[in-house]
Amino acid sequence: MIEFSLDGQSGVSPYLQVVQQVRQALRLGLLREGDQLPTVKEVVAALAINPNTVLKAYRELERDGLVAARPGVGTFVTRTLADASLAAHEPLRRELERWLAKARRAGLDDESIRALFATAFRSGREVA
Amino acid sequence: MTAVLVTRGLGKRYRRRWALRDCTLQIPAGRVTGLVGPNGAGKSTLLGLATGLLAPTSGDVEVCGAPPARDAAHLARVGFVAQDTPAYAGLTVAEHLRLGARLNPGWDDEGARRRLDRLGLDPGQRAGKLSGGQRAQLALTLGLAKRPELLILDEPVASLDPLARREFLQVLMEAVAERELSVVLSSHVVSDLERVCDHLVVLVDSRVQVAGDVDDLRATHHRLTGPRRPGLTLPSDQRLVHESHTDRQSTLVVRAEGPILDPAWVVGNLSLEDLVLAYMSGPAERRAAPLEAVR
């Protein structure tokens, strides 16, 4: 079972935060096929959140084929996102670390590195 | 959409001052609607008109399909928790429940007792001795025990500390999860509403500035940041909500149904609070009364 948390400062809507946290848990293998998501009532009680918001998030995950609702029982994971790309994480991370070392040698501080990454990420996404 | 509250050209004037003007709204059923705006914007007036405690100067209002407080049966369908969650100071918690049971036909006595028990409220305690948070919980319990279709709450959490505020909203949200209940609650603190409301109405200077589904509002509002461009004309499908300029930079809040294509802008997300603040301060940087940002 996983627990949700909400970041009020993120600018991301509560329903999307719930969706993202489930996807993240699936990607990292924290949730596997057959696992149950917290019930709507449990999430409402834990976060003082609107039940419609939780339902909306679960419906979106269902549409994406990641979970299935069993009426009267709960919502269960039907598919994992921890796929073959997990194997690629390690070499990519090492490459990124080499790049970070290079950036620091060039005199960039953490803030400049983050700004540069954010800009490159955005323009990369526009090209893709 | 089934509407639980409908207003058409609704207005209320006190002597020469309009507290609410030309208000046309449809508040959907089964939702939790937040009514936000600075103090004095007309929130309590709108809620007073919806409950029938005030009579309109112009226009009309319908609640659950009929004029407010039309008859006893209709009164039973709408619950109202007034500002500062008043209770009878001399009556005990248990006496409040007995009074509620006498006055309301569909009274859920068992549910009310269970709720108060879980909250740890002593039935023998006089309401005047309760803390602000406990009194608010008592008022909410009474409002829910009436089993209304629509529960209206006027600034229910404004005077509560963060913990009491969270507990109050938790009980309210659990009630929404348990059964079909429409809720309209007002607040001048937007951060309170961010996680509980799925519909929003922004009221400033006695007028409705924007109303709609919270996720739709978030998806269609953007913060654009870029090099200074004052007096810019936006594409026809974009509406300027707020702008500010420094000597180098322009920051706009726009409402747009489609994507923002102008490459000069960095497009950012808006929190619900930023979105509401943008409407409150308006396009010409006219400063409305400040919104409290309590977390």
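Residues numbered from 1 in each chain as written. Chains lettered and ligands numbered in written order. Predicted model: local features only at pLDDT ≥ 70, side-chain atom pairs only at ≥ 80, totals over all residues. Heavy atoms only, no water.

Undergrad: So what about the interface of chain B and chain A? Which residues, and what values?
TA: Contacts between chain B and chain A engage 23 residues on the former and 20 residues on the latter. Buried surface at the junction of chain B and chain A, summed over both partners, amounts to about 1700 Å²; 51% is from carbon and sulfur atoms. Our enumeration of links across chain B and chain A arrives at 1 salt bridge. Between K56 of chain A and D215 of chain B there is a salt bridge, and its shortest N-O distance comes to 2.8 Å. Summed over the shared surface of chain B and chain A, the result is 8 residue pairs in polar contact (both at pLDDT 80 or more). (Contact = heavy atoms within 4.5 Å. Buried area = accessible area lost by both parts, 1.4 Å probe. Salt bridge = Lys/Arg side-chain N within 4 Å of Asp/Glu carboxyl O. Polar contact = N/O pair within 3.5 Å; in protein donor to acceptor, adjacent residues only side chain to side chain.)

Undergrad: I'd like to hear about the sheet that holds strand β11 (residues 238-245) of chain B, residue by residue, with values.
TA: All names here are of chain B. The 4 strands lie next to each other as β11-β12-β10-β13, forming an open sheet whose pairing is antiparallel. With one partner strand each, in any of the chains shown, β11 and β13 (266-268) form the two edges of the open sheet. Taken over all neighbouring pairs, the strand axes of this sheet differ in orientation by 25° on average, direction set aside. In the sheet, strand β10 (residues 221-227) pairs with strand β12 (residues 249-256) via 7 bridges, with the strands oriented antiparallel. In the sheet register, R223 faces β12, and the bridge partner there is V253. Those strands touched by helix α9 (residues 272-281) are β10, β11 and β12, and its axis lies near 85° from that of β11. (Pairing = 2+ DSSP bridges. Helix = DSSP H or I, 4+ residues; strand = E, 2+ residues; numbered from the N terminus. Axes fitted to C-alpha atoms, helices over the stretch in contact; angles between N-to-C directions.)

Undergrad: Help me get a handle on the confidence of the model for chain B, residues and values and all.
TA: Residue and element names in this part refer to chain B. In the predicted model, chain B carries a mean pLDDT of 89, and 96% of its residues have values of at least 70. Overall, residues 284-295 carries pLDDT values under 50, and its contacts beyond four positions in sequence, including any with other chains, amount to 28 contacts. This prediction of the complex comes with two scores: 0.84 for pTM and 0.78 for ipTM. (pLDDT = per-residue confidence, 0-100.)

Undergrad: Please provide a residue-by-residue account of the pattern of salt bridges, values included.
TA: Residues and elements named next belong to chain B. Considering all chains together, one arrives at 21 salt bridges over all chains under this definition. The closest approach of N and O atoms between E62 and R8, which form a salt bridge, is 3.8 Å. One end of the pair, E62, is in strand β4 (residues 58-63); the other, R8, is in strand β1 (residues 3-14), with 54 residues separating them in the sequence. Of the charged contacts in the structure, one is a salt bridge between E155 and K43, with a shortest N-O distance of 3.7 Å.

Undergrad: Kindly report on α9 of chain B, identifying the contributing residues and their values.
TA: Residues and elements named next belong to chain B. Taken across its 10 residues, α9 has 8 buried, putting it largely inside the fold. Those residues of α9 lying buried are L272, E273, L275, V276, A278, Y279, M280 and S281. Following α9 by one or two positions, G282 has its phi on the positive side, about 75°. (Buried < 20%, exposed > 50% of the residue type's maximum accessible area, 1.4 Å probe, protein only.)

Undergrad: Which residues make up the domain arrangement of chain B, and what are the values?
TA: Structurally, chain B comprises domain 1 (3-205) and domain 2 (220-294). Between the C-alpha centres of domain 1 of chain B and domain 2 of chain B the distance comes to 33 Å. (Domains from an automatic or database assignment.)

Undergrad: Tell me about the nonpolar core, and name the residues and values.
TA: Nonpolar side chains tend to gather and get buried jointly when the protein is soluble and globular. One finds Y58 of chain A together with L153 and L185 of chain B to be the most contacted residues of the largest nonpolar core, which totals 66 residues. No other element matches helix α6 (residues 162-178) of chain B, which puts 8 residues into this core. Among the nonpolar cores identified, the runner-up in size contains 21 residues, and C23, L25, L35 and V78 of chain B belong to it. (Core = buried A, V, L, I, M, F, W, Y, C linked by side-chain atoms within 4.5 Å.)

Undergrad: Explain the packing of aromatic side chains residue by residue, including any values.
TA: Ring pairs (aromatic) are described by centroid distance and by the angle formed between their planes. All names here are of chain A. In total, this model carries 1 aromatic pair over all chains according to the counting rule given. Over the face of the ring belonging to Y15 we find K56, whose NZ or CZ atom lies 4.4 Å from the ring centre. Sitting above the plane of the F76 ring, R70 keeps its charged end 3.9 Å from the centroid. (Phe/Tyr/Trp six-rings, centres within 6.5 Å; stacked < 30°, edge-to-face > 60°. Lys NZ or Arg CZ within 6 Å of the ring centre and 35° of its normal.)

Undergrad: Before we move on, could you go through the side chain of K146 of chain B and cite the residues and values that matter?
TA: Residue and element names in this part refer to chain B. By the secondary structure assignment, K146 is in the loop between α5 (132-145) and β6 (150-153). D71 provides the closest opposite charge to the buried, unpaired K146, separated from it by 11 Å. Separated by 3.5 Å, the side chains of K146 and N104 make a polar contact. Once you skip the residues sitting within four places of it in the chain, K146 turns out to touch L75, A76, V78, G79, N104, G106 and W107. (Lys, Arg positive; Asp, Glu negative; His and termini not counted.)

Undergrad: I'd like a description of the sheet that holds strand β7 (residues 182-187) of chain B, backed by residues and values.
TA: All names here are of chain B. Strands sit in the order β5-β6-β7-β3-β8-β9 across an open sheet of 6 strands; the sheet is mixed. Each edge of the sheet is formed by a strand with only one pairing partner; in this case those strands are β5 (78-81) and β9 (207-213). Within the sheet, the average angular offset between the axes of one strand and its neighbour, ignoring direction, is 15°. Bridging between strand β3 (residues 32-36) and strand β8 (residues 199-204) involves 4 bridges; their strand directions are parallel. Each bridged residue has a counterpart across the sheet, and for G34 the counterpart in β8 is L200. The sheet strands contacting α9 are β3, β8 and β9, and the helix crosses β8 at an angle near 30°.

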